[in-house]
Amino acid sequence: MPLPDLAAIPYASAVGSHSDLAAVDAAILDAVDQLPPRIRAVARYHLGFTSGPRTAEHRGKALRPRLALAAARCGPTPERAVAAAVSVELMHGFSLLHDDIMDGDRTRRGRAAAWVVYGVPAALLTGDALLTLALGVLADSGTAASMGVCVRMMSALVRGQGDDLAFEDDQQVTVDAYLEMAEGKTGALTGAACELAATLAGAPPAVVEALERFGRHAGVAFQIADDVLGIWGDSRRTGKPVGSDLVARKKTLPVVAALHAADAEAGHLRALLDTGVPLTEAQTRQATVLVERLGGRTTAEAIAQQHLDLALEALHCCDLPAVAREELRSMAHHMAARSR
Ligand SMILES: CC(C)=CCC/C(C)=C/CC/C(C)=C/COP(=O)(O)OP(=O)(O)O
């Protein structure tokens, strides 16, 4: 049976005030409204607050705050974890603003990316502002440990993003190198979402550790699903042009796996990607066919399943409240089998 769309799960859920994402949104808006007017306008646009409450269409899936709120149910004071949910959503906002500029992606969540509307300098500065707000929210929430988690997460994020950029001109990227990159670029923030929330909610160290591992592996599965959608998804659902990763010669997992296939056609794919310039439309179509024929999609989906399994395993290594375990389990399935 297909999973319901994650973004369609009620935003203001009825499971208790601590898990009400509307409260997270209100706190994000409060934080954003402290910014100077010109930056505030860019931040509101990017986060989807242009007129009134955020709509499902422009806020994205709110995956990281959803993870934080679910993980917070594993501690005695889940209401204290709202700060973690706010903070990780702001950090995610920062990373997308900068990422769109680095990748030259003109579309985000079905409309023009912030840098296209407001220009690169304003979008960069707004990214910096969101990161600063995220750190401020955590600093105010009062645990010294959360700053350490943040620093480790940001180092991993920067390393992962750096590798992702460097891989564009590298045809020798291995599956292991890809996985390390994905763990930094995506898994670090989903892991930190769980870790920060569980810490603020007062969960014991073994639970915090297990939830970080859960979030990190679920994040890797999510990134692989993102790679697959980037090649074979539906742009009306993903909100971004399909094929742009291939055009940019990104080493997504399907491409890496296809390049390593023991088949002469892998050489054709390598030659196509080895030009040093973006692919044309015809080359992108050709590369899509080659990646699928070389088994890149099947291999990527199998590896995503392995990371989903590792995430689920982490949920069983300590005693979690049944409701929290079930919520996290369901989220991990959504993350690995996404359609947007
Ligand atoms: C340092 C730096 C700039 C790092 C960039 C890291 C980066 C942007 C990684 C991409 C991760 C990812 C799958 C984003 C889409 O999230 P999503 O599908 O949850 O987006 P949504 O919020 O629109 O739903």
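Predicted, not measured: the structure shown is a model, and the values here were computed from it.

Rules used in this analysis
- Residues numbered from 1 in each chain as written.
- Predicted model: local features only at pLDDT ≥ 70, side-chain atom pairs only at ≥ 80, totals over all residues.
- Heavy atoms only, no water.
- Helix = DSSP H or I, 4+ residues; strand = E, 2+ residues; numbered from the N terminus.
- Rg over C-alpha atoms; globule rule 2.2 N^0.38 Å.
- Buried < 20%, exposed > 50% of the residue type's maximum accessible area, 1.4 Å probe, protein only.
- Disulfide = S-S within 2.5 Å.
- Salt bridge = Lys/Arg side-chain N within 4 Å of Asp/Glu carboxyl O.
- Polar contact = N/O pair within 3.5 Å; in protein donor to acceptor, adjacent residues only side chain to side chain.
- Contact = heavy atoms within 4.5 Å.
- Near = heavy atom within 4 Å.
- Areas by Shrake-Rupley, 256 points an atom, 1.4 Å probe, with all protein chains shown as cover.
- Core = buried A, V, L, I, M, F, W, Y, C linked by side-chain atoms within 4.5 Å.
- Expected span 1.5 Å × (residues − 1).
- Phe/Tyr/Trp six-rings, centres within 6.5 Å; stacked < 30°, edge-to-face > 60°.
- Lys NZ or Arg CZ within 6 Å of the ring centre and 35° of its normal.
- pLDDT = per-residue confidence, 0-100.
- Axes fitted to C-alpha atoms, helices over the stretch in contact; angles between N-to-C directions.
- Parallel < 35°, antiparallel > 145°, perpendicular 65-115°, else oblique.
- Left-handed = near helix turned anticlockwise from the far one by under 90°.

A word on the overall build of the protein
What the protein contains, in helices and strands, is 17 helices and two strands. Relative to a compact globule of 340 residues, whose C-alpha radius of gyration would be 20 Å, the protein shows 19 Å and is just as compact. With the principal axes as the frame, the protein shows a C-alpha extent of 60 × 50 × 35 Å. Out of the 340 residues belonging to the protein, those deemed buried represent 54%.

So, the state of the cysteines
Where two cysteines share a covalent bond between their sulfur atoms, that bond is called a disulfide. Under the definition given, this model contains zero disulfides. Cysteine cysteine 194 remains unbridged, with the sulfur of cysteine 74 as its closest cysteine sulfur at 8.7 Å. Residue cysteine 318 stays outside any disulfide, its sulfur separated by 4.2 Å from that of cysteine 317, the closest cysteine. Classification of cysteine 318 as buried rests on a relative accessible area of 16%.

Focus: the pattern of salt bridges
Oppositely charged side chains can pair when the atoms bearing their charge come close. Under the defined criterion, the tally for this structure stands at 17 salt bridges. For aspartate 164, the salt bridge goes to lysine 250, with nearest N and O atoms at 3.4 Å. Placement of aspartate 164 in helix H8 (residues 144-167) and of lysine 250 in the loop between helix H12 (244-247) and helix H13 (253-259) is noted, with a sequence separation of 86 residues between them. Classification of lysine 250 as buried rests on a relative accessible area of 5%. The residue arginine 216 makes a salt bridge to glutamate 183 at a minimum N-O spacing of 3.3 Å. Of this pair, arginine 216 sits in helix H10 (residues 205-232) while glutamate 183 sits in helix H9 (residues 175-200); the two residues are 33 residues apart in sequence, bridging distant segments of the chain. For glutamate 183, a relative accessible area of 29% puts it in the partly exposed group. Through salt bridges that share partners, Asp103, Asp164, Glu168, Lys185 and Lys250 make up one connected network.

Some remarks on the side chain of lysine 250
Side-chain polar atoms of lysine 250 contact the side chain of glutamate 168, separated by 2.8 Å. Not counting residues up to four positions away in its chain, the partners in contact with lysine 250 are Asp103, Asp164, Leu165, Glu168, Asp245 and Val255.

Some words on the site of the ligand
The environment of the ligand is made up of 18 residues, and the closest members are Lys61, Arg64, His92, Arg109 and Arg338. The contact in question runs from an oxygen atom of the ligand to an N or O atom on the side chain of lysine 61, over 2.6 Å. With respect to the ligand, the side chain of histidine 92 contributes an N or O atom lying 2.8 Å from an oxygen atom. When the ligand is considered free in solution it has 640 Å² of accessible area, and contact with the protein chains removes 93% of it. Breaking the shell around the ligand down by element, the ones donating at least two residues are helix H5 (82-103), H8, H9 and H10.

Concerning the nonpolar core
In this structure, Val32, Leu67, Leu90, Leu130, Leu211 and Phe214 are the most contacted members of the largest nonpolar core, which totals 78 residues. Other than its neighbours up to four places away in sequence, phenylalanine 214 contacts Leu67, Cys194, Ala311, Ala314, Leu315, Leu328 and Ala332.

Description of H5
Taking 1.5 Å of rise per residue, 22 residues should cover 32 Å, and H5 covers 31 Å from first to last C-alpha, within 8% of that figure. The buried fraction of H5 is high, at 19 of 22 residues. Glycine 104 sits one or two positions beyond H5 and adopts a positive phi of about 65°.

Description of helix H2 (residues 37-47)
Every buried residue belonging to H2 is among Ile39, Val42, Ala43, Tyr45, His46 and Leu47, and all of these are buried. Turning to H2, the residues buried within the fold contact helix H1 (21-32), helix H3 (56-59), H5, strand E2 (111-112), helix H6 (114-118) and helix H7 (120-141). Glycine 48 sits one or two residues past H2 and shows a positive phi near 90°.

A few points about the packing of aromatic side chains
By convention here, two paired aromatic rings are described through the distance between centres and the angle between planes. One pass over the full model with this rule turns up one aromatic pair. For the pair tyrosine 45 and tyrosine 118, a centre-to-centre distance of 5.6 Å together with 65° between the ring planes defines the contact as edge-to-face. With a gap of 73 residues between them, tyrosine 45 in helix H2 and tyrosine 118 in helix H6 connect regions that are remote in the sequence. You can call tyrosine 118 partly exposed: its relative accessible area is 33%. The cationic tip of arginine 111 hangs over the ring face of tyrosine 45; the distance from NZ or CZ to the ring centre is 4.0 Å.

Brief notes about the environment of lysine 240
Tracing the chain through its elements places lysine 240 in the loop between helix H11 (235-238) and H12. Under the relative-accessibility criterion, lysine 240 is labelled partly exposed at 27%. For the pair lysine 240 and threonine 107, spaced 133 residues apart in sequence, the C-alpha separation works out to 5.4 Å. Dropping the residues within four chain positions of it, lysine 240 is found in contact with Thr107, Asp226 and Ser235.

Some remarks on the confidence of the model for the protein
Residues shown with low pLDDT carry predicted positions that ought not to be read at fine detail. Residue-level pLDDT values for the protein average 90, and 94% of them are 70 or greater. Taken together, the chains of this predicted complex give a pTM of 0.93 and an interface ipTM of 0.98.

Brief notes about the packing of H10 against helix H16 (residues 296-314)
Orientation of H10 relative to H16, taken along the N-to-C sense of each, is 160°, at an axis distance of 8 Å. One element, H10, and the other, H16, form an angle in the roughly antiparallel class. The handedness of the crossing between H10 and H16 comes out as left-handed. Contacts between H10 and H16 involve Ala210, Arg213, Phe214, His217, Ala218, Val220, Ala221, Ile224, Val228 and Trp232 on the former and, on the latter, Arg297, Ala300, Glu301, Ile303, Ala304, His307, Leu308, Leu310, Ala311 and Ala314.

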